[in-house]
Amino acid sequence: MSSKTIVYSELRASKAYYILLSICFAIAGLGAISFFHLEHEGHYVTGMNNQIVWGLPHVFAIFLIVAASGALNIASIGTVFSKTIYQPLGRLSALLAISLLIGGLAILVLDLGHADRLIIAMTYYNFKSIFAWNIILYNGFLALCILYIWTMQDRKLKAFYPYAGFFAFSWRLILTLGTGSIFGFLVSRAYYNSAVLAPLFIALSFALGLAVFIILLFFTYRLDKRELGDVVLNRLRYLLAIFVAAAMFLELARHLTALYIAQRQGVEQFILLDGGIYTLLFWVGQVLVGGLIPLSLIFCRALKNNHWSLLLASILVIIGGFVQLYVLIVGGQVYPLELFPNAEVQSSFFDGEIHAYAPSIWEWMLGLGGVGLALALFLCGMVALRFLPKSLADSELVAH
């Protein structure tokens, strides 16, 4: 099946479309209100403090950025690995990747406290900092996605389509490695410092990006009353299972490695056994809801062609992935820094104590605002340009 045999069209701007778009802009507006409030009052109104410097907005931001990288994987499979059944979904995949990345970066920029200081970060680079490298990676990813879409839509540039796809695929792997390395390189945090975090973030991006793509593909085709057959959804179903299983395996390897290291056993006991809400989130939210239940839904033979079971599995994967990032980012900071190994430290600055963190409503508003912005951009893009195949019915896919 070649993309030349597929007819694309814009999304029909119906009444339901405008309602959804209005809801997305309203949620994005909540994020803007939160930003102006934080800018005026200061970050003391959030649940963050001197111990917990990365809070809920950072969880939302990292989630969207990681999902953006994974969303482009659908297009990459069709281009780089010549899996022709995925090629009709390439345009939509690249659009979603751009939208999610912009939403995630918007949260990061607005949570800086002084958003104007981003200009300094973009003009004066400290190449010893992984954060500086990520600024380059994010901008390059956006540029490559735009070029990728251009080669898919302009017949004059069809010759560059495979090269654009290859460079976009390579760049998104480097981007996700960089995001995972932000945490993997932080040796001061016992729960962060791990080389496994880099490949774990790649597997997590595959799972989260695909889950978001499945949900939006499903509802977009129902919104515009287009045919969406079992063939393509079953391919996406089992692809999702592979990515979820890979993420769970790498998470298991990370914990087994940490348990083998004596100095890491304290933080492992905290997360796995004695961490209260973080232990509950790990076992129930991350392992059960985000891993075991979705895999059961996917491999249940009675639900093979059931679209709603796949939709439910995708929603659970998103919930589990979000919880996993929350446990990693926030839980890793809640556990105290080990300033002096094999020594007991006591002071008036909470040294050696488990820290407390409860996200405020302003953090929820800012994080959800980024999600609303991403969805609004996605909806606007589908109306503006021809991203959607007119039909993904089984008969047409089999015929090609």
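Structure shown above.
Reference entry: report on the structure contained in this document. Source: prediction; values computed, not measured.

### A short note on the overall build of the chain
In terms of regular secondary structure, the chain is built from 14 helices and 2 strands. In terms of C-alpha radius of gyration, the chain reaches 22 Å, essentially the compact-globule figure of 21 Å for 400 residues. Its C-alpha atoms put the chain at 70 × 50 × 40 Å along the principal axes. Evaluated residue by residue, the chain yields a buried proportion of 55% over its 400 residues. Residue pairs in contact within the chain that sit at least 24 positions apart in sequence constitute 81% of those at least 6 positions apart. Carbon and sulfur atoms make up 68% of the accessible area of the chain, which totals about 18500 Å². Once the 23 positive and 19 negative side-chain charges of the chain are each reduced to a mean point, those two points are 18 Å apart.

### Digging into helix α2 (residues 56–71)
Residues that lie three or four places apart on an α-helix share one face, since the helix turns once every 3.6 residues. Taking 1.5 Å of rise per residue, the 16 residues of α2 would be expected to cover 22 Å, and the 22 Å separating its terminal C-alpha atoms lies within 8% of that figure. Counting buried positions along α2 yields 16 of 16 residues, so the element is predominantly enclosed.

### Considerations on the packing of aromatic side chains
What the rule picks out here adds up to 20 aromatic pairs. Between F63 and F322, the aromatic rings sit 6.0 Å apart at their centres with planes inclined by 65°, giving edge-to-face as the arrangement. Taken together, the positions of F63 in helix α2 and F322 in helix α12 (residues 307–334) put the pair 259 residues apart, joining distant regions of the chain. Under the relative-accessibility criterion, F63 is labelled buried at 8%. Plain terms: the ring middles of F218 and W308 are 5.1 Å apart, the flat faces sit at 75° to each other, and that makes the pair edge-to-face.

### Regarding the packing of α2 against α12
The geometry of a pair of packed helices is captured by two quantities: the angle between their axes and the separation between those axes. It is at 9 Å that the axes of α2 and α12 come closest, and there the two elements cross at 130°. Taken together, α2 and α12 sit at an angle that is classed as oblique. Considering how the two elements wind past one another, α2 and α12 form a crossing that is right-handed. In contact with L56, H58, V59, F60, I62 and F63 of α2, α12 contributes I318, F322, L325, Y326, I329 and V330.

### Looking at the side chain of Q286
With respect to the secondary-structure elements, Q286 resides in helix α11 (residues 277–299). Taking the relative accessible area as the measure of exposure, Q286 reaches 8% and is therefore buried. A polar atom in the side chain of Q286 sits 3.1 Å from the side chain of E251. Contact partners of Q286, with chain neighbours within four places excluded, come to E251, L281, G291, G320, V323, Q324 and V327.

### Examining the nonpolar core
Grouped together as the largest cluster of nonpolar side chains are 124 residues, with contacts concentrated most on L72, L100, F183, L217, L236 and L240. With 20 residues, the single largest contributor to this core is helix α8 (residues 197–223).

### Observations concerning the pattern of salt bridges
Under the criterion given, the structure shown has 4 salt bridges. Where R12 meets D224, a salt bridge forms, and the shortest distance between an N and an O atom there is 3.3 Å. In this pair, R12 sits in the loop between β1 (8–9) and α1 (15–41) while D224 sits in the loop between α8 and α9 (230–260), placing the two residues 212 residues apart along the sequence. A relative accessible area of 10% places D224 in the buried class. The partner of D224 in a salt bridge is R226, and the shortest N-O contact between them spans 2.6 Å. Summarising the burial analysis for this pair, D224 and R226 share the class buried. One salt-bridge network, in which partners are shared between bridges, spans R12, D224 and R226.

### Section: unusual backbone geometry
Residues apart from glycine generally show negative phi values, whereas peptide bonds are mostly found in trans. Its identity is not glycine, yet S82 carries a phi of approximately 55°, on the positive side. With a phi close to 55°, K225 is a non-glycine residue in the positive phi region. Along the polypeptide, K225 turns up in the loop between α8 and α9.

About the criteria used
- Residues numbered from 1 in each chain as written.
- Predicted model: local features only at pLDDT ≥ 70, side-chain atom pairs only at ≥ 80, totals over all residues.
- Heavy atoms only, no water.
- Helix = DSSP H or I, 4+ residues; strand = E, 2+ residues; numbered from the N terminus.
- Rg over C-alpha atoms; globule rule 2.2 N^0.38 Å.
- Buried < 20%, exposed > 50% of the residue type's maximum accessible area, 1.4 Å probe, protein only.
- Contact = heavy atoms within 4.5 Å.
- Areas by Shrake-Rupley, 256 points an atom, 1.4 Å probe, with all protein chains shown as cover.
- Lys, Arg positive; Asp, Glu negative; His and termini not counted.
- Charge placed at Lys NZ, Arg CZ, Asp CG, Glu CD.
- Expected span 1.5 Å × (residues − 1).
- Phe/Tyr/Trp six-rings, centres within 6.5 Å; stacked < 30°, edge-to-face > 60°.
- Axes fitted to C-alpha atoms, helices over the stretch in contact; angles between N-to-C directions.
- Parallel < 35°, antiparallel > 145°, perpendicular 65-115°, else oblique.
- Left-handed = near helix turned anticlockwise from the far one by under 90°.
- Polar contact = N/O pair within 3.5 Å; in protein donor to acceptor, adjacent residues only side chain to side chain.
- Core = buried A, V, L, I, M, F, W, Y, C linked by side-chain atoms within 4.5 Å.
- Salt bridge = Lys/Arg side-chain N within 4 Å of Asp/Glu carboxyl O.

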